[in-house]
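Residue-level structural notes
One-letter residues, chain by chain:
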Amino acid sequence: MVAEKAYKRILLKLSGEALLGEEDYGIDPKIIHRIATEIKDVSDLDVAITVVIGGGNIFRGAGLARSGIDRVTGDHMGMLATIMNCLALQDSLERIGCDARVMSALAVHDVCEDYIRRRAVRHLEKGRVVICAAGTGNPFFTTDTAAALRAIEVGADVVLKATKVDGVYTADPVHNPNATLYTELDYDSVIGSKLGVMDANAIVLCRDQQMPIRVFNVFGDGNLVRIVKGEQIGTLVS
């Protein structure tokens, strides 16, 4: 019998840095295996999952642009980095028996499918995890914006923004021990206070389409399953 759950369809936004683990660069195999295991646990609850991954563990287009390279070129290089991360997650999922498909906003036919919304929805309906690569396929847009866009397109119930901390704080908890955790915020407060939950384009898109965002600590064991089952973990932006 399928366990009771709060969501039927979710979008999980992972940063590239989340895959670093103890490594200085690239992907920590232990971390990506643990994340894949948690995704499979959620999929086994008959929850449809779309994943969007950044590429910051390999390459940051905006950072290179500040050093002088053309911004459009840098952003395209960053999109290619996300494809590598997505292929790694697909491999980790399939090795533990979870069917997954990488769908890219850039055409890379030899390694993955093109992102087509109707096809993505069909994969979800068949119980496959859909992993969206290459952001929106356009320069100047972050993978945060891509996550908001894909969530709306596939009809997700919520965007789950995975971070290294427990949610959204009044200040950076790493540098300020007195920072307190918000349990709930509205979109305009996030934008007005520049809290850095996601970039402003992503927040506005979610606000306009009434797409809730939950920010949580991806390194807390079982957090993803607990959120799907309805536990109030992290910070809800709605």
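Refer to the structure printed above.
Residues numbered from 1 in each chain as written. Predicted model: local features only at pLDDT ≥ 70, side-chain atom pairs only at ≥ 80, totals over all residues. Heavy atoms only, no water.

Focus on unusual backbone geometry
The cut-off we apply is this: Each helix is a run of DSSP H or I of at least 4 residues and each strand a run of E of at least 2, with the numbering of both proceeding from the N terminus.
Here K194, not a glycine, exhibits a phi torsion of approximately 50 degrees, which is positive. Tracing the backbone through its elements, the reader meets K194 in the loop between α6 (187-192) and α7 (200-208). Although it is not a glycine, Q210 adopts a positive phi angle of roughly 55 degrees. Secondary-structure assignment places Q210 in the loop between α7 and β8 (213-217).

Quick notes on the pairing of strand β3 (residues 100-104)
Stated precisely, the cut-off is as follows: Each residue's exposure class comes from its accessible area (1.4 Å probe, protein chains only) as a fraction of the maximum for that residue type: buried when under 20%, exposed when over 50%, partly exposed otherwise. Two strands qualify as a pair provided that DSSP identifies no fewer than 2 bridges between them.
With four of its five residues buried, β3 lies for the most part within the structure. In terms of strand pairing, β3 meets strand β4 (residues 113-114) through two bridges, oriented parallel. Residue pairing for β4: M103 is matched across the bridge by E113.

A short note on the packing of aromatic side chains
As a reminder, the rule being used: Only centres within 6.5 Å qualify two rings of Phe, Tyr or Trp (six-membered ring in Trp) as a pair; their planes then separate them into stacked at under 30 degrees, edge-to-face at over 60, and tilted for everything else. Placement of a positive charge over a ring is assigned whenever Lys NZ or Arg CZ falls within 6 Å of the ring centre and within 35 degrees of the normal to the ring plane.
Across all of its chains, the model carries zero aromatic pairs by this definition. Above the ring of Y115, the side-chain terminus of R150 is found at 3.8 Å from the ring centroid.

Remarks on helix α5 (residues 143-154)
Worth spelling out the cut-off: A helix's residues, less one, multiplied by 1.5 Å, set its expected span. What qualifies as a polar contact is a pair of N or O atoms within 3.5 Å, subject to a donor-acceptor requirement within protein and to the restriction that residues adjacent in sequence count only when both atoms come from side chains.
The end-to-end C-alpha separation of α5 is 16 Å, in line with the 16 Å expected for 12 residues at 1.5 Å each. For α5, the capping residue at the N-terminal end is T142, with a side-chain oxygen 3.2 Å from the backbone nitrogen of D144. Directly after α5, the chain includes G155, whose backbone phi takes a positive value near 75 degrees.

All quantities given are derived from atomic positions and should not be read as evidence of function.
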